[in-house]
Amino acid sequence: MGESLKVVEVPRSHNYVAVFLTFACNLRCSYCINNFETQAIRRKTISGADWVRGLNRLVSRPDLPVTLQGGEPSLHPDLVAIINHLRPDLNIDILTNLQFDVESFIGQVDPRRLRRDAPYASIRVSYHPQTMDLEETVRKTLRMQSAGFSIGIWAVTHPSNEKAILEAQRRCQGMGIDFRLKEFLGEHDGKLHGTYRYEGACDKKFVKDVLCRTTEL
């Protein structure tokens, strides 16, 4: 297909561009949000060449990167090729569980390609104590840091793992790793957790028409 595709200008009102390279994952967290989207998980994988062709249509701002995620984006066979063939002016962030070969990644990707002026890391490791080894996660994160990558660890404070997550944060911060927390939003053991903009929105007790406008692509 040789025809040129129209440029897509990301609106100024948008604050996030999510790229779900694959819904496959090498972990099986009991609370994974993708468990609620079984139809999406079964969709076929788009080739790296088609991802590059589509994403290179985007015209975005320096502070609005494309965020490669999933599932686990490193399970896409063309992840490195996608990173290396996106337009240089299109900034890239990655959300990952870091269960890939970091030495191979370091050898193929220039750390400057995944670094921008932002208050948080360009590579954000999602830590899940239920299915991940903390020591391995720390070792890989420090290795990528030493290779010049902008990387940090994030964790959702799920009630079943909150104690382990807070201890992991304490240890990581003591080693110079940026470890941040995200509030768990949802129901656990019959109790709704989290802070919500609209009271009762997730109680499943009423239905109401509302006007919404997304700020995410």
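Here, the structure is the one placed above.
Residues numbered from 1 in each chain as written. Predicted model: local features only at pLDDT ≥ 70, side-chain atom pairs only at ≥ 80, totals over all residues. Heavy atoms only, no water.

1. As for unusual backbone geometry
Keep in mind that most residues, glycine aside, have a negative phi and that most peptide bonds are trans. In this structure, Leu98 takes a positive phi of about 65° despite not being glycine. By secondary structure assignment, the location of Leu98 is in the loop between strand 5 (92-96) and helix 4 (102-108). Despite not being glycine, Asp189 shows a phi value in the positive range, around 55°. The residue Asp189 is located in the loop between strand 9 (186-188) and strand 10 (191-193) in this model. A residue is classified by how much of its surface remains accessible, and Asp189, at 72% relative accessible area, is exposed. (Helix = DSSP H or I, 4+ residues; strand = E, 2+ residues; numbered from the N terminus. Buried < 20%, exposed > 50% of the residue type's maximum accessible area, 1.4 Å probe, protein only.)

2. Points about the environment of Asp133
With respect to the element layout, Asp133 can be found in the loop between strand 6 (123-126) and helix 5 (134-146). Residue classification places Asp133 among the partly exposed positions, given a relative accessible area of 42%. Separated by 47 residues in sequence, Asp133 and Arg180 place their C-alpha atoms 17 Å apart. Polar side-chain contacts of Asp133 include one of 3.3 Å to the backbone nitrogen of Glu135. (Polar contact = N/O pair within 3.5 Å; in protein donor to acceptor, adjacent residues only side chain to side chain.)

3. Side note on helix 5
Compared with an ideal rise of 1.5 Å per residue, which puts 13 residues at 18 Å, helix 5 spans 18 Å between its outermost C-alpha atoms and is within 8% of the ideal. Buried within helix 5 we find Leu134, Thr137, Val138, Lys140, Thr141 and Met144. Lining the buried residues of helix 5 we find helix 4, strand 6, strand 7 (151-156) and helix 6 (162-174). At the N-terminal boundary of helix 5, the capping side chain belongs to Asp133, with an oxygen 3.3 Å from the backbone nitrogen of Glu135. Where helix 5 ends, the next residue or the one after it, Gly148, has phi of about 100°, a positive value. (Expected span 1.5 Å × (residues − 1). Contact = heavy atoms within 4.5 Å.)

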